Structures are given as C-alpha cells and as structure tokens.
Amino acid sequence: MRVPPAVYVLGASIFVLGTTEFMIAGLLPEIAADLDVSIPRAGLLISAFAIGMTVGAPVMAVATLRLPRKATLLAASAVFLAGHVLAALAPSYELLMAARVVSAVATGAFWAVAAVVAVRLSAAEATARALAVLVGGLTLANVLGVPAGTWVGQQLGWRAAFWAVAALSVLTAIAVAALVPRAAGASAAPPRVRDELRVFRGRRIWLALATTATFQSAMFAAFSYFAPLLTDVAGLDEADVPLVLALFGLGSFLGITAGGRIADRGLFLNIVGSLVALAAAMTVLALVSGNTTAAIAAVFAVGVAGFSIAPGLNARVFVVAGDAPTLASSVNTSAFNVGNTLGPWLGGAAISAGWGYVAPVWLAAGLALVALGIALAAWDQERRHDRALVPATGPALATCDA
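Please read all numbers here as calculations on a predicted model, not as lab measurements.

For the structure shown, the criterion picks out eight aromatic pairs. A ring pair is formed by F226 and F248, whose centres lie 5.7 Å apart and whose planes are at 80°; its orientation type is edge-to-face. Here F248 lies in helix α11 (residues 241-265) and F226 lies in helix α10 (residues 226-233), a separation of 22 residues in the sequence. Residues F268 and W379 carry aromatic rings whose centres are separated by 5.4 Å and whose planes lie at 5° to one another, so their mutual orientation is stacked. Taken together, the positions of F268 in helix α12 (residues 267-288) and W379 in helix α16 (residues 359-393) put the pair 111 residues apart, joining distant regions of the chain. Note on F268: relative accessible area 2%, which makes it buried. With a relative accessible area of 24%, W379 lands in the partly exposed category. Put simply, the rings of F220, F223, F226, F248 and F307 pair up and form one aromatic cluster.

The structure is reproduced here in structure tokens:
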C-alpha cells in the first residue's frame, strides 16, 4: 500500500520546520556579534524553541481542536512565516527570542495536526510508513537543511538564513493548499476536549510517552557530544566531523525507512527491536571509540538503530488514543522535546563530572535499556488490555500486538 502524495507534502513541510529548529546552532557566533550578546545567551534561542514546542504543541492542539485540519495546517504555516519574517527583521535579541517562540508554537501545532492528517489519509497497513515520512522530513532537515541554512547564514548573514526558510515555508504552504484534501483528518463526530483528555486517564498513554522521552534522552545524550568524541577520542580531523554527521544522518534516514515497514507489521516488534539495537550500538561505540574507522562505523549504526524506532513511537500513540489522537500526538511531540532538553544536560553533566567524552555514550546505552524496560512494561500492559477486550469484542483483537 503506497503512502498518499499529500503525506509527502507534509513531510516536506516538516523538513522546513526542522531546518529552522536546528540551523541556528551553527549561526550563534554571527547572531551574538550582531545583536551584542554573549554566545551562551544566544544559545538560549535554541532552548526557547524547544520549550516553545514542548508547551505550545498541546496548547495549540486544544485551541485548534474544532477547526478543520487543513485550515489549521495553513494557519500554522502562516504564523511560522510571520515568525521568520520577524526574526529576519529583528533589531534586538529580545525580539528575536519572541520570534523564535512564536515559530516554535506554530511548529508544534503543525507537527501534531500533520501527524493526525497523515494517519487519516493513509490505509491502516501503511500508518507507520506515513509517520516515517514525516520523521524522515526532520532527518533530511538535519542532513541537508541545517548545513545549507548554516552555510547561507555564514555567507550572506544570519538574517538571510531566516529569509530562506521563510521562502521555503511559502512554497510548502502552497503545496499543502493544493494537495492536502480539504476534509483531510476529519473525524466522523466533532472532536471534544473531554474526549481528548480521557486518553490520559490510563497507563497506556503514559507508558508510551515515557518510552518516547527516555529514548530521545538517550539519543541526544550521546549525539550532542559526537563532535568532541570523534576528534578527542577517535582522533578524527575536525574538518571531517560534518562528513561523519552526514553519514549518521544517512543511517537515520535508512533506519526510519526500514522502521516504518517493520512497525506496520508489529509496533512492539519495531519499538523493542530498535531499543535493543540502540543499546547494542551505543555499547559498541563506547568500546571502539578509540579507533577512528570503527567509531565512524558505530556512529552510522547508532543512526540506523536509533531512528528506526521513530515510526513505532509515533504510531503507538495513535493506537492508544483511538478516535481522539490530536492532543495525544501533540503531547508525544512534547515528549520528544523533553528528551531533546534532558539528553544534552545529562550528557554534559557526565562530562563535567570528569568522566570524559565516552561517558555520554555509556549513559545513552543505559537510558536505552531503561526505555526498553518501559517498552516491555507497555507491551505487557497492552496484552492485558487486549485480553480484557476479548469478551466484549471477540477474539480477533486479542492477536493485535499494537
């Protein structure tokens, strides 16, 4: 079963949104110098975006719940565009910070609704693959968009990078308007906040969210410090680090593609298998980090293993949420951003403790095992849930591993 073209349009939009989230990391010196702030203070622009997405995604999901999905996507795109025009013109650090937060809220809103639309447009047997397209857009943002945005900002000034993203957002908004069906993502009954909140009364959704946040913490605890690991421990030349990170991105894309197909056959097969592979890959990376060639191969393996889980994590939330997926999807987006925040902090704390640049990788392996334990508990909870449904709905549901 093929994924509908509209889903690829949404993936392209996520590519643009993901580019702006991360490209600023490479432009901090230029921004700091232009706005007369320190680099650490400029770095808060990254944290502000993550916080804006963490808080903004569920808030905007509730605020736009009764609006048509397509209209919400276009409105979020318009706010995103406005945030980037404001950022490009910002005369002060404070106004740039406000623009980043506005863009982050719009990004969170778009992410949550795009996931619902992608699932509703796709056949049941292609749900995870559709979500993999969205996550694939984010991966390509890291591989292509972020380096390109950083290069534009370095060559033409940091404001030019924001203008470039604004222009791309116009193109993707036009594509959404043209190719996403007007009734995309619509449910049979009008959505209600009460129904969306009811999902959070059970353990299943919290286990799913905890798996997401712990996995993402594991990934970013290690990934955030790959550069010093590769140069100071593996002996790689600093100029070659971007090439290795691009290889990591390629592995991530391959992992997402394979993970989507596996998740459509069994969500827990994908989630549990990916976490086992991630813990193993992190362990291997820690053990071989002193060898340049082996470390590069292990980084690639971490990319494949780590990102192969993304389709399953996203699809799992939709299974638990049932007919009320919007708020749950947005909170899952927040869970990813919690991991984006906690992971680097934990990895940095390990380095600050004097344990060296390999310590975050060992920490990541441990966090992957914690996530595995949570996923296994969720799997057991799911089997209990299915057994409880058998008398009322028949034996067919008992075989579902999702």
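Another point: the pattern of salt bridges. According to the stated counting rule, one finds six salt bridges in the structure shown. For D34, the salt bridge identified is with R159, shortest N-O distance 3.2 Å. Remark: R159 occurs in helix α7 (residues 158-179) and D34 occurs in helix α2 (residues 28-35); sequence separation between them is 125 residues. Judged by relative accessible area, which is 24%, R159 ranks as partly exposed. Put simply, R384 and D380 hold a salt bridge, and the shortest N to O gap is 2.9 Å. A residue pair is termed a helical-turn pair when its members lie 3 or 4 positions apart in one helix, as R384 and D380 do in helix α16 at four residues. Owing to a relative accessible area of 49%, R384 belongs among the partly exposed residues under this scheme. Judged by relative accessible area, which is 29%, D380 ranks as partly exposed. Within the structure, one salt-bridge network assembled from shared partners comprises R204, R316 and E382.

Another point: the confidence of the model for the chain. Averaged over the chain, the pLDDT score is 86; the fraction of residues at 70 or greater is 94%. The secondary-structure element of the chain with the lowest mean pLDDT is helix α8 (residues 193-198), recorded at 78, while α12 shows the highest, at 96. Here residues 392-402 is a poorly scored stretch, pLDDT under 50, and it has 18 contacts once near neighbours within four places are set aside; other chains count.

Rules behind the numbers
- Residues numbered from 1 in each chain as written.
- Predicted model: local features only at pLDDT ≥ 70, side-chain atom pairs only at ≥ 80, totals over all residues.
- Heavy atoms only, no water.
- Phe/Tyr/Trp six-rings, centres within 6.5 Å; stacked < 30°, edge-to-face > 60°.
- Helix = DSSP H or I, 4+ residues; strand = E, 2+ residues; numbered from the N terminus.
- Buried < 20%, exposed > 50% of the residue type's maximum accessible area, 1.4 Å probe, protein only.
- Salt bridge = Lys/Arg side-chain N within 4 Å of Asp/Glu carboxyl O.
- pLDDT = per-residue confidence, 0-100.
- Contact = heavy atoms within 4.5 Å.

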